[in-house]
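The lines below spell out each chain.
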Amino acid sequence: DIIPPAVKPFDEVQQQVTSDWNADQQRHAAESEAAKLLSALKGGQSLADAAAVAGVPVRRTPLATRGVSEGTPPELARVLFGLKQGESTMVETPDSFIVAVPVQIEVPDPKADPGGYAQLQEAVSRSIGSDLAAVLTEAVRERANPKINQENLDSIVQPQ
């Protein structure tokens, strides 16, 4: 049988609609509160003072690294290393909004961990090398604007 699409009766979906609507309103309220907190920080207020006014707790996370950092959500880690000390940001996570301010930035000393520094240097070199190869390939492709002759390709790959 072919059953045409139809809207479910509201009685069947009322509980889900109500639940989704409530969750959406809570998320919107959380976003508004986080935006107010961020605005207060950008206006010169300290995080402790702004959080006290907003009635939210302040938590200091352990020092974050570019790898996986315990206590630092990945959404925050993506923007954290682009911030200067004292600069504030707001990020959305799957279950909340986070307003963060880096209070300490440590510049690593290559002499303290020569092995780790060498590994990092090698990883960055490989990354730059593959980035350059990708950029060059794309530039050549754009400039040459190659076209594939499917008939010729098929005759080579699958001779008749």
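Note that this is a predicted model, so its numbers are computed, not measured.

A. Inspection of the packing of helix α1 (residues 10-42) against helix α2 (residues 47-54) at higher detail. Relative orientation of the contacting elements α1 and α2 amounts to 145 degrees, with a least axis distance of 9 Å. Here α1 and α2 pass one another in a crossing that is right-handed. Touching Leu37, Ala40 and Leu41 of α1 are Leu47, Ala50 and Ala51, all from α2. In the contact of α1 with α2, the residues fall into six nonpolar, no polar and no charged.

B. A look at a nonpolar patch on the surface. Taken together, Leu120, Val124, Ile128 and Leu132 make up a surface patch of nonpolar side chains, about 380 Å² in accessible area. Checked against the element boundaries, Leu132 lands in helix α4 (residues 114-144). Accessibility expressed as a relative area gives 55% for Leu132, which makes it exposed.

C. Seen up close, unusual backbone geometry. We note that Asn145 has phi near 50 degrees; this positive angle belongs to a residue other than glycine. Turning to its location among the elements, Asn145 is positioned in the loop between α4 and α5 (150-157).

D. Focus on the pairing of strand β1 (residues 89-92). Burial along β1 is one-sided: Thr89 and Val91 are buried, and none of Met90 and Glu92, which face the opposite way, are. Direction of pairing for β1 relative to strand β2 (residues 97-100): antiparallel, over a ladder of four bridges. Each bridged residue has a counterpart across the sheet, and for Val91 the counterpart in β2 is Ile98. Linking β1 to β2, which pair antiparallel, is a turn of four residues.

E. A look at the nonpolar core. Core analysis: the biggest nonpolar cluster contains seven residues, these being Ala34, Leu37, Leu38, Leu41, Ala50, Phe97 and Val99. At four residues, the largest contribution of residues to this core is made by α1. Once residues within four sequence positions are removed from consideration, Phe97 is found in contact with Arg27, Ala30, Glu31, Ala34, Met90, Val91 and Glu92. Formed by five residues, the second largest nonpolar core is a distinct cluster that contains Leu76, Leu80, Val91 and Ala100.

Parameters and conventions
- Residues numbered from 1 in each chain as written.
- Predicted model: local features only at pLDDT ≥ 70, side-chain atom pairs only at ≥ 80, totals over all residues.
- Heavy atoms only, no water.
- Axes fitted to C-alpha atoms, helices over the stretch in contact; angles between N-to-C directions.
- Helix = DSSP H or I, 4+ residues; strand = E, 2+ residues; numbered from the N terminus.
- Left-handed = near helix turned anticlockwise from the far one by under 90°.
- Contact = heavy atoms within 4.5 Å.
- Nonpolar A, V, L, I, M, F, W, Y, C, P; charged D, E, K, R; others polar.
- Patch = residues over 30% accessible without salt bridge, like charges linked within 9 Å, V, L, I, M, F, W, Y side chains within 5 Å.
- Areas by Shrake-Rupley, 256 points an atom, 1.4 Å probe, with all protein chains shown as cover.
- Salt bridge = Lys/Arg side-chain N within 4 Å of Asp/Glu carboxyl O.
- Buried < 20%, exposed > 50% of the residue type's maximum accessible area, 1.4 Å probe, protein only.
- Pairing = 2+ DSSP bridges.
- Core = buried A, V, L, I, M, F, W, Y, C linked by side-chain atoms within 4.5 Å.

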